[in-house]
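Each chain is listed here by its residues.
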Amino acid sequence: MIDLKFIRENPDVVKSSQKGRGEDESIVDQVIASDEIRRDAIEMFEKLRAQQNTLSKSVGGATGEEKAALLENAKALANSVKEADTKRAEAEDHTKQLVMKLSNILDPAAPIGGEADFVVLEHIGTPREFDFEPKDHVELGKLLGAIDTERGAKVAGSRSYYLTGSGALLEFALVNYAISMAVKAGFVPVIPPVLVNPAAMEGTGFLGQAAENVYRIEKDDVYLVGTSEVPLAAMHMDEVLSGDKLPMRYAGYSSCFRREAGSYGKDTRGIIRVHQFDKVEMFSFCHPDQAKEEHARILQWEKDFLDAMEIPYRVIDVASGDLGSSANRKFDCEAWIPTQNAYREVTSTSNCTEFQARRLNIRYKDGEGTKAVATLNGTLVAIPRMIVAILENHQNSDGTVNVPKALQPFLGKNRFELV
RNA sequence: GGAGGGCUCGCAUAGCGGCCGAGUGCACCGGUCUUGAAAACCGGCAAACGAAAGUUUCGUGGGUUCAAAUCCCACGCCCUCCGCCA
């Protein structure tokens, strides 16, 4: 949610941001018109209410005829108050609905355009030259007894899989490495609920355009989260944080559930795009003035992780049209996937500035008052995609796979053998 | 799933339909006193919007009333007991 006052004072900024995203800019004028009605309605209501309060107080002290007369007046006034209150509520509701339609204001530095208009910020590492035909992760997963997509489909449908043997061990190693790295960096490790209520889902912005990708358990009115960003952000919903404790950083480990509606036919082979996976997510509540620096730090931790996995990757500055509605800027790390001859997204970090916090009512307090915090999120490791990257990049001609040095202590071996 | 109890300012509690945005204790902040500290005493201390007047907030939402923390209804959460259960 964008600050209403900001919209009122800077309509052009909001409009050009909407335009940059390819979204409706006329909402801005609608908001401003609705806001005027809203403010008038509030003023009207508050005036009448003040009158009513005074009058009501005098009724208590009065007696006899005087009291009867006062009551007469008070009754009439009560009706106008009720009417004015209804109008006020409607106007506030209407305005809020409009404001909620607006996406976060773009960082002016974000590239403008659609999915293909990203800017490559840097390349790290060099894609390996194979002196044999590299196998893809599905084949390697079979040879190593690490991934079983066939039985996954049998039991749970398409885009489902079993991680077995080395695959399961690799997940534990990745998670352990990620969590120990996060703890060293000062993150509080968290195992959050993955079943959340509508307020949490709505507040983090996943019931808008992203709603079709969310699993909902209708009977109990709860949702399965697609990322622990949801429970981590909502953890401090309706709270006032103390300014001197910022930034507050959490590393959440959870399963993530995604319907993947609208991605039929995309990445149907293997475990690049699945309905359920585990992920370690970084989340930070920070001072709005420091959000950009924090964003850079989170990106650096993502890079550190990929460096440790010894995987070649590039960092892109995601274009405006491809940002989530809460993000004002987003960087993706894309790992080199040899058999696809392409870089594919493995981690992603978004700066949501105060947008998400306003929706969730999360503020901080310092000497200057109480204001919305900034929230940022970033993937430390999303298991399946990292497994794909590791298997494909570190494979040997016989199908065995070398374990990156950083993971060796967690696995107790330096190579995954064939089964 | 069944039965009961509860949700008020950081914590603990008081609260008769109007004198309650709300008392008390603890904690906290400032001061006096003290070589320093403790104790004692004095003062302050919920939040949001607003330039201010003022408005809103006693779990949430509705209702009754001129007037609701206080009465009524629904929901949520917490606690205790029984049943079931990893």
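Residues numbered from 1 in each chain as written. Chains lettered and ligands numbered in written order. Predicted model: local features only at pLDDT ≥ 70, side-chain atom pairs only at ≥ 80, totals over all residues. Heavy atoms only, no water.

Some details on the nonpolar core
So, step 1. Judged by nonpolar contacts, the single largest core of 57 residues is most densely connected at Leu 174, Phe 305, Met 309, Met 386 and Leu 407.
So, step 2. For this core, the secondary structure elements donating two or more residues are α7 (166–184), β9 (248–257), β10 (276–286), α10 (291–308), β11 (313–317), β12 (329–337), β16 (374–382) and α12 (383–393).
So, step 3. For this core, the leading source of residues is α7, giving 8 residues.
So, step 4. The residues touching Leu 174, leaving out its near neighbours within four places in the chain, are Phe 305, Met 309, Val 381, Ile 383, Met 386, Ile 387, Ile 390 and Leu 407.
So, step 5. Of all hydrophobic cores here, the second largest spans 23 residues; its members include Val 230, Leu 232, Ala 233 and Ala 372. (Core = buried A, V, L, I, M, F, W, Y, C linked by side-chain atoms within 4.5 Å. Buried < 20%, exposed > 50% of the residue type's maximum accessible area, 1.4 Å probe, protein only. Helix = DSSP H or I, 4+ residues; strand = E, 2+ residues; numbered from the N terminus. Contact = heavy atoms within 4.5 Å.)

Overview of α10
So, step 1. With 18 residues, α10 should cover 26 Å at 1.5 Å per step; its first-to-last C-alpha distance of 26 Å lies within 8% of that length.
So, step 2. Buried residues of α10: Ala 291, Glu 294, His 295, Ile 298, Leu 299, Trp 301, Glu 302, Lys 303, Phe 305, Leu 306 and Ala 308, and no others. (Expected span 1.5 Å × (residues − 1).)

Here's the deal with the protein's contact with RNA strand B
So, step 1. By nearness alone, 18 residues border RNA strand B, and Arg 49, Asn 53, Ser 56, Lys 75 and Thr 370 come closest of all.
So, step 2. A distance of 2.5 Å separates a phosphate oxygen of RNA strand B from a polar atom in the side chain of Thr 370.
So, step 3. Listed by contribution, the elements that provide at least two residues to the surface near RNA strand B are α3 (26–61), α4 (64–101) and β14 (363–366).
So, step 4. It is α3 that contributes the most residues to the surface near RNA strand B, 8 residues altogether.
So, step 5. In the surface near RNA strand B, the residues fall into 5 nonpolar, 5 polar and 8 charged. (Near = heavy atom within 4 Å. Polar contact = N/O pair within 3.5 Å; in protein donor to acceptor, adjacent residues only side chain to side chain. Nonpolar A, V, L, I, M, F, W, Y, C, P; charged D, E, K, R; others polar.)

Quick word on the domain arrangement of chain A
So, step 1. Examined at the domain level, chain A breaks down into domain 1 (4–101) and domain 2 (115–416).
So, step 2. Placing the centre of domain 1 and that of domain 2 at their C-alpha centroids yields a distance of 43 Å.
So, step 3. If you look at the interface, domain 1 gives 4 residues, while domain 2 gives 10 residues.
So, step 4. Overall, the association of domain 1 and domain 2 removes approximately 470 Å² of surface from exposure, summing both partners, and the carbon and sulfur fraction of that is 38%.
So, step 5. Taken together, the links from domain 1 to domain 2 amount to 0 salt bridges. (Domains from an automatic or database assignment. Buried area = accessible area lost by both parts, 1.4 Å probe. Salt bridge = Lys/Arg side-chain N within 4 Å of Asp/Glu carboxyl O.)

Some points on the packing of α7 against α10
So, step 1. For the pair α7 and α10, the least separation of the axes is 12 Å and the interaxial angle reads 140°. Between α7 and α10, the angle is such that the two are oblique. Read as a crossing pair, α7 and α10 show a hand that is right-handed. Seen from α7, the contacting residues are Leu 174, Tyr 177, Ala 178 and Met 181; seen from α10, they are Trp 301, Asp 304, Phe 305 and Ala 308.
So, step 2. The residue makeup of the contact of α7 with α10, split by class, is 7 nonpolar, no polar and 1 charged. (Axes fitted to C-alpha atoms, helices over the stretch in contact; angles between N-to-C directions. Parallel < 35°, antiparallel > 145°, perpendicular 65-115°, else oblique. Left-handed = near helix turned anticlockwise from the far one by under 90°.)

A closer look at the sheet that holds β9
So, step 1. Across the sheet, which stays open at both edges, the 8 strands sit in the order β1-β11-β12-β13-β16-β10-β9-β4 with mixed pairing between neighbours. Each edge of the open sheet carries a strand with a single partner, namely β1 (119–124) and β4 (188–190). In this sheet, adjacent strand axes meet at a mean angle of 25° when their direction is disregarded.
So, step 2. Bridging between β12 and strand β13 (residues 342–351) involves 9 bridges; their strand directions are antiparallel. Looking at the pairing, Arg 329 lines up with Asn 351 of β13. (Pairing = 2+ DSSP bridges.)

Describing the packing of α7 against α12
So, step 1. One can describe the packing of α7 onto α12 by two numbers: an axis separation of 10 Å at closest approach and a directional angle of 110°. Classified by the interaxial angle, the pair formed by α7 and α12 is roughly perpendicular. Between α7 and α12, the contacting residues are Gly 167, Leu 170, Glu 171, Leu 174 and Val 175 on the first element and Ile 383, Met 386, Ile 387 and Ile 390 on the second.
So, step 2. Each residue belonging to the contact of α7 with α12 can be placed in one class, and the counts come to 7 nonpolar, 1 polar and 1 charged.

Considering the sheet that holds strand β8 (residues 240–242)
So, step 1. Strand order in the open sheet made by the 3 strands is β8-β14-β15, with mixed pairing throughout. Strands with a single pairing partner mark the edges of an open sheet, and in this sheet they are β8 and β15 (369–372). Taken pair by pair, the neighbouring strands of this sheet meet at an average axis angle of 35°, ignoring direction.
So, step 2. Bridge count between β8 and β14: 3 bridges; the pairing is parallel. Paired with Leu 241 across the two strands is Tyr 364, which belongs to β14.

Things to note about unusual backbone geometry
So, step 1. With an omega dihedral of -5°, the bond running from Leu 246 to Pro 247 counts as a cis peptide bond.
So, step 2. Looking at the element boundaries, Pro 247 is found in the loop between β8 and β9.
So, step 3. Here Glu 260, not a glycine, exhibits a phi torsion of approximately 55°, which is positive.
So, step 4. With respect to the element layout, Glu 260 can be found in the loop between β9 and β10.

Looking at the pattern of salt bridges
So, step 1. Inspection of every chain in the model, using the stated rule, returns 24 salt bridges.
So, step 2. For the salt bridge of Arg 273 with Glu 260, the shortest nitrogen-to-oxygen distance reads 3.4 Å. Here Arg 273, found in the loop between β9 and β10, pairs with Glu 260, found in the loop between β9 and β10; they are 13 residues apart in sequence, far enough to count as distant. An identical accessibility class is assigned to Arg 273 and Glu 260; each is buried.
So, step 3. Through salt bridges that share partners, Arg 8, Asp 35, Arg 38 and Arg 39 make up one connected network.

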